[in-house]
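Below, each chain spelled out in residue letters.
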Amino acid sequence: MNRKNKCSKISRFLLLIICGICMCLECWPMVRNESMAAYLFVYFMNNSPEGEQLYFAVSRDGYNYIPLNDGKRIVNLDDIARWKCIRDPHILRGHDRKTFYMVATDMKSSVGWSSNDGIVLCKSIDLINWRITAVDFPTEFPHLYTRDDLKRVWAPQTIYDEKEKKYMVYYSLIKMIISQSIILTPIVILQFSQNLKKW
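Conventions we followed
- Residues numbered from 1 in each chain as written.
- Predicted model: local features only at pLDDT ≥ 70, side-chain atom pairs only at ≥ 80, totals over all residues.
- Heavy atoms only, no water.
- Helix = DSSP H or I, 4+ residues; strand = E, 2+ residues; numbered from the N terminus.
- Buried < 20%, exposed > 50% of the residue type's maximum accessible area, 1.4 Å probe, protein only.
- Contact = heavy atoms within 4.5 Å.
- Areas by Shrake-Rupley, 256 points an atom, 1.4 Å probe, with all protein chains shown as cover.
- Pairing = 2+ DSSP bridges.
- Axes fitted to C-alpha atoms, helices over the stretch in contact; angles between N-to-C directions.
- Polar contact = N/O pair within 3.5 Å; in protein donor to acceptor, adjacent residues only side chain to side chain.
- Phe/Tyr/Trp six-rings, centres within 6.5 Å; stacked < 30°, edge-to-face > 60°.

A. Molecular detail of the overall build of the chain. Looking only at helices and strands, the chain features three helices and eleven strands. Each helix (α) and strand (β) of the chain, taken in turn from the N terminus, gives the series α-β-β-β-β-β-β-β-α-β-β-β-β-α. Counting over 199 residues, the chain shows a buried share of 33%. Restricting to contacts in the chain with at least 6 residues of sequence separation, those with at least 24 account for 43%. Summed over its atoms, the accessible surface of the chain is roughly 12,700 Å², and 58% of this surface lies on carbon and sulfur atoms.

What follows is the structure, encoded as structure tokens:
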């Protein structure tokens, strides 16, 4: 491994740790007065279709995790996600402290790194039974995106907007504007309660 690749991997690892610490510090005021039983880690494993599924692991100390469901995927996405695969899952405990909201990238990397045209939304009150829907952007928003100009939608996350009293999803998106040869990478926000009524 050359020095440049090694430095790049170390930089990505350090960035991941810093993001994790920031997320913990951000969530600490919400959870410090609650008695928590365990930490839940939501993840995908690798770039294979079997690895690009939703997996859960649990930990009592936040360091040592045990995969749940015997290491098998948690939900069947075959009839929901366009590509039958997901990446980048993010879970949020709801404002009511009872409901869980999870979002993920609808993508299959073996088809190509621009195969992500949408996201998957999940909602549960017990972390076992999930209401799941996929949002395919060219289908849901044809006035904004086509399969040709929408290149990527990825890494969605959920927040609760205290002022608006609504859950929001934000994510990155690349749209090609051919006539101007410009690539836009805005961070866009969807309102759960208005734009995604079926969720």
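B. Representation of the sheet that holds strand E2 (residues 55-59) within the structure. Here we have three strands laid out as an open sheet, ordered E1-E2-E3, and antiparallel in their pairing. Of all strands in the sheet, those with a lone pairing partner are strand E1 (39-43) and strand E3 (66-67), marking the two edges. Across five bridges, E1 lies against E2 in antiparallel orientation. Bridge pairing links phenylalanine 41 to alanine 57 in E2.

C. Region of the structure containing the sheet that holds strand E7 (residues 131-136). Taken in spatial order, the four strands of this open sheet run E4-E5-E6-E7, and their pairing is antiparallel. What marks the edges here is a single partner per strand, and that holds for strand E4 (86-93) and E7. Going across the sheet, the axis of each strand differs from the next one's by a mean of 15°, ignoring polarity.

D. Representation of the environment of tryptophan 83. Among the structural elements, tryptophan 83 can be located in the loop between E3 and E4. For the pair tryptophan 83 and serine 115, spaced 32 residues apart in sequence, the C-alpha to C-alpha distance is 8.3 Å. Setting aside residues up to four positions removed in sequence, tryptophan 83 forms contacts with Asp106, Met107, Lys108, Val111 and Ser115. Only 2.6 Å separates the side chain of tryptophan 83 from the backbone oxygen of serine 115, close enough to count as a polar contact.

E. Fine view of the packing of aromatic side chains. Counted by the stated rule, this structure contains nine aromatic pairs. Aromatic side chains tyrosine 101 and tyrosine 167 sit 4.2 Å apart centroid to centroid with 35° between the ring planes, which places their arrangement in the tilted category. Linking tyrosine 101 in strand E5 (residues 100-106) with tyrosine 167 in strand E9 (residues 166-177), this pair joins segments that are 66 residues apart in sequence. One exposure class covers both tyrosine 101 and tyrosine 167, and it is buried. On the basis of an interplanar angle of 55° and a centroid distance of 5.9 Å, the ring pair of phenylalanine 137 and tyrosine 145 is categorised as tilted. Here phenylalanine 137 and tyrosine 145 have matching classes, each one buried. Among the aromatic residues, those joined into a ring-pair cluster are Phe41, Tyr43, Tyr55 and Tyr65.

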